[in-house]
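Each chain, written out:
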Amino acid sequence: MSQSIDESTQTTEIGHDEYDPVGTLALIGLYFLILVALWIFVYFVEFLGNDPTVVTGSALLLAGVGHR
Amino acid sequence: MGALLVVVAFTVPLFVELRTVLSWVGVELTVLESVALAAVAIAALLVWALWPESDGPDSSNAG
Amino acid sequence: MSNTYLDQFPAEAKVVRAAFYSSFFALAIGGLFGIVQTLHRTDVYRFMDSADYYTVLTAHGVLLAITFTIFFLVGVFTWAVTTSLDRGVENLRFTWAWYGLMVIGTAMAAIPIFAGFTDSIDMSASVLFTFYAPLQGHPLFYLGLVLFVVGTWLAGVDWFRSWRAWKAEHPDERIPLPTFMVLTTTIMWYIATLGVAAAILLFLLPWSLGLIESVNPLLTRTLFWFFGHPVVYFWLMPTYMMWYVMLPKFSGGKLFSDPLARVVFVLFLILSVPTGIHHQYLDPGIAEGFKFIAMTNTMFLLLPSLLTAFTVVASMEHGARQRGGTGYFGWLKALPWRDPVFTGMALAGLMFAAAGFSGMVNAGMNINYLVHNTFWVVGHFHLTVGTAVALTFMAVTYWFLPQITGKALWSRPVALVQVVLWFVGMTFMSNAMHRAGLLGVPRRTAEPQYEGVTFEAAVGSVGELNAQIALGGVILTISLVLFFANVIATGFNGRSDELPSNGYADALSGPEDAPLVLDNLKLWTAIAIVLVIFAYTFPLLSIVQRGGLFGPEVITFPVSLESLAPIAAALEYGGLATVDGVASAVTGALEPGRIAIAEVVR
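Everything numeric here is computed off the predicted structure, so don't read it as measured data.

A. Representation of the pattern of salt bridges in the model. Residue and element names in this part refer to chain C. Inspection of every chain in the model, using the stated rule, returns 12 salt bridges over all chains. Asp 519 serves as the salt-bridge partner of Arg 174, at 2.9 Å between the closest nitrogen and oxygen. Placement of the pair is Arg 174 in the loop between helix 5 (139-169) and helix 6 (177-208) and Asp 519 in the loop between strand 3 (507-509) and helix 17 (521-547), with a sequence separation of 345 residues. With respect to class, Arg 174 is no different from Asp 519; both count as buried. Salt-bridge contacts for Arg 412 lead to Asp 339; the nearest nitrogen and oxygen are separated by 3.8 Å. Placement of the pair is Arg 412 in helix 15 (residues 412-438) and Asp 339 in the loop between helix 11 (288-322) and helix 12 (340-363), with a sequence separation of 73 residues. Overall, Arg 412 belongs to the partly exposed group, its relative accessible area being 23%.

Shown next, in the form of structure tokens:
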């Protein structure tokens, strides 16, 4: 059984105007930085730095044969 | 307690990928070494979190 | 005396309960097949023939991606509509009828799949979740899928009837948010399922019955993905609904913005369908330009997902601050991490954030070539449907079970351990799948070990990745066992009078702040249809023009065990034929499209 809003742990009532979600900004900002870093890693290191893979390599091979 | 459990769970992806990150700076870890490192880190985390604070005035610190 | 959903709507609670239990039954079997596959593929433990792997894979995909998710979400949607409109369903027999139709459809589709395990029944449908032609399943499989989908259509009719009846009594009120979410999702589903209905009714079913000789594989495949991408939003939108209307409540706060939630669901309605071609970036025979349009639409879909990330986190933060949380990150400590419902949903959201990254890689046309058809994709959708959706559904089950059974949950600590284990297990499994995909390890194969090919790992080895995948699979299985233990033991509990009341979260910024146009469902439906026409008319026309409505000559592959050898031979022959096909496809692809556009311009 799960609690709904547990009144005993709620210490303050924060309305629409006094609420400033800075923590959300911090978390989402951090997430954005991680996303950018990971994307750069995958694109520049894995994508540009590797040979064609078995899967896509064979497709490229097929396309290559097709062009002949 | 709940938060601690989640923090411990959250260390798992960090340690799984720690080897990859370290290899970029030339540090090569074996599987066993990273498992041991993770175990030590989680143990340290648990000790820090579960250490009784209310022992006496001498045991309190900034942690 | 408690005021649960069961107390408010006893008859509807039974329908929701039946839907949930059907969903859990599918989860149990699908999960069992999950661990069987994991151990087989990674070569940790192989006890079946590799040919049976594909039967297991089909059952795993269909039972989890279709049966588990959709049975659960029709239960959630029925709860959402009845609760937020505060009225029962219009006709209970009708409600049971669509549920019954879905059950019959599932059974019909499952029979040929499971018959694939034995040679004594001449029937099989090991065509995988995507049932690409020329793989051919038994007609019963396609008929079952049709009945199941029709069942969901009637469920949608049920929800719309409730809304219309409510609107007649409350002409000037805004649609309550949960109902709004149900209605937009249902419209999206109606549009999306047209694709799979056309693929099955016009082509695949007549073909498997022997009424037509052949089909155009690219056409049925494109029609499949017309449905196949939006189906992921059919799972995801109920998940988002739970994040929007339930998670703030469990965090101890309010939904940050009702209007923003409506915008998100409208965007999903508009953008979900005209994106399916992004699953076909590597398909020859579809021109690059069409793929580019699909990619653009897909990138726009990031918008509602990022809006969701913001709104959901802001709602959680509101709860945390009301509970005394402070600081930029310190507020996280004030969240109710002991509550399995909250923790499960929060971890599911966290995993979804990771999936957002791999999804971005999948969506980009060039970088997709790196991961297309590799294990990366499997890792990706185990983060989305396998965690964001499944873990949210399991977590919220711990809240719903008392609501629909009137019994207290058997064990909250076990529930908490269960959701955390799912997160840990999926971390191991999915992360290793992503990494293996980057090395080029293919998906959909029983034995990804090839002579003459070695997958080079930069750090560690493929063996280590396999070990991580197997370990993750085992942890996930333990988590599932704990889940079912809790569900079953709760069923044996006695009735409790001290359960929380039924309800959902209030909003900080309510519907009165939302522009009226957001509730204009006809407008959004029209825009969605126009976008679909833009995105699909020319690709479909060009596919039909080149390949024919019923395809060029194709070799049919009925999927059954004894036909494996001829299939292998045919594949070899077919592979050669494909090479020629590709050549003409590549040169021919652009021309018809250009002509068609030129004609329209004239």
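B. Quick peek at the packing of helix 12 of chain C against helix 14 (residues 375-405) of chain C. Residue and element names in this part refer to chain C. Put simply, helix 12 and helix 14 touch, their axes get as near as 8 Å, and they point 160° apart. Considering their axes alone, helix 12 and helix 14 lie roughly antiparallel with respect to each other. With respect to the hand of their crossing, helix 12 and helix 14 are arranged in left-handed fashion. Of the residues in the contact of helix 12 with helix 14, the class split is 19 nonpolar, eight polar and no charged.

C. Examining the interface of chain B and chain C more closely. Tallying the contact residues gives 15 residues for chain B and 17 residues for chain C. Together chain B and chain C conceal approximately 1400 Å² of surface at their shared face, both sides included; 76% is due to carbon and sulfur atoms. The largest per-residue losses of area from chain B upon contact with chain C belong to B:Leu5, B:Val6 and B:Val16, which jointly make up 29% of the total buried on that side. Between chain B and chain C we count two salt bridges in total. Note that C:Arg435 and B:Glu17 form a salt bridge whose closest N and O atoms lie 2.8 Å from each other.

D. Expanded view of helix 12 of chain C. Residue and element names in this part refer to chain C. For helix 12, built from 24 residues, the straight-helix expectation of 34 Å at 1.5 Å per residue is met to within 8% by its first-to-last C-alpha distance of 33 Å. In terms of burial, helix 12 is largely enclosed, as 18 of its 24 residues are buried. Two to three positions downstream of the cap, the backbone nitrogen of Val 341 sits 3.1 Å from a side-chain oxygen, assigning the N-cap of helix 12 to Asp 339.

E. Up close: the environment of C:Thr185. All names here are of chain C. Among the structural elements, Thr 185 can be located in helix 6. Along the primary structure Thr 185 and Phe 268 are separated by 83 residues, whereas in three dimensions their C-alpha atoms are 8.0 Å apart. Setting aside residues no more than four positions away along its own chain, Thr 185 makes contact with Phe 77, Phe 234, Met 237 and Phe 265. Of the polar contacts made by the side chain of Thr 185, one reaches the backbone oxygen of Met 181; its length is 2.6 Å.

F. Summary view of the packing of aromatic side chains. All names here are of chain C. Tallied over the full model, the rule gives 51 aromatic pairs over all chains. Ring geometry for Tyr 5 against Phe 9: centres 5.5 Å apart, planes inclined by 50°, an arrangement best described as tilted. According to the relative accessible area criterion, Phe 9 is buried, its value standing at 7%. With centroids separated by 5.8 Å and ring planes inclined at 75°, the aromatic side chains of Phe 71 and Phe 148 adopt a geometry described as edge-to-face. Of the two residues, Phe 71 sits in helix 3 (residues 50-85) while Phe 148 sits in helix 5, which places them 77 residues apart along the sequence. Sitting over the ring of Phe 94, Arg 161 keeps its end group 5.3 Å from the ring centre. Over the face of the ring belonging to Tyr 132 we find Arg 221, whose NZ or CZ atom lies 4.1 Å from the ring centre.

About the thresholds
Residues numbered from 1 in each chain as written. Chains lettered and ligands numbered in written order. Predicted model: local features only at pLDDT ≥ 70, side-chain atom pairs only at ≥ 80, totals over all residues. Heavy atoms only, no water. Salt bridge = Lys/Arg side-chain N within 4 Å of Asp/Glu carboxyl O. Helix = DSSP H or I, 4+ residues; strand = E, 2+ residues; numbered from the N terminus. Buried < 20%, exposed > 50% of the residue type's maximum accessible area, 1.4 Å probe, protein only. Axes fitted to C-alpha atoms, helices over the stretch in contact; angles between N-to-C directions. Parallel < 35°, antiparallel > 145°, perpendicular 65-115°, else oblique. Left-handed = near helix turned anticlockwise from the far one by under 90°. Nonpolar A, V, L, I, M, F, W, Y, C, P; charged D, E, K, R; others polar. Contact = heavy atoms within 4.5 Å. Buried area = accessible area lost by both parts, 1.4 Å probe. Expected span 1.5 Å × (residues − 1). Polar contact = N/O pair within 3.5 Å; in protein donor to acceptor, adjacent residues only side chain to side chain. Phe/Tyr/Trp six-rings, centres within 6.5 Å; stacked < 30°, edge-to-face > 60°. Lys NZ or Arg CZ within 6 Å of the ring centre and 35° of its normal.

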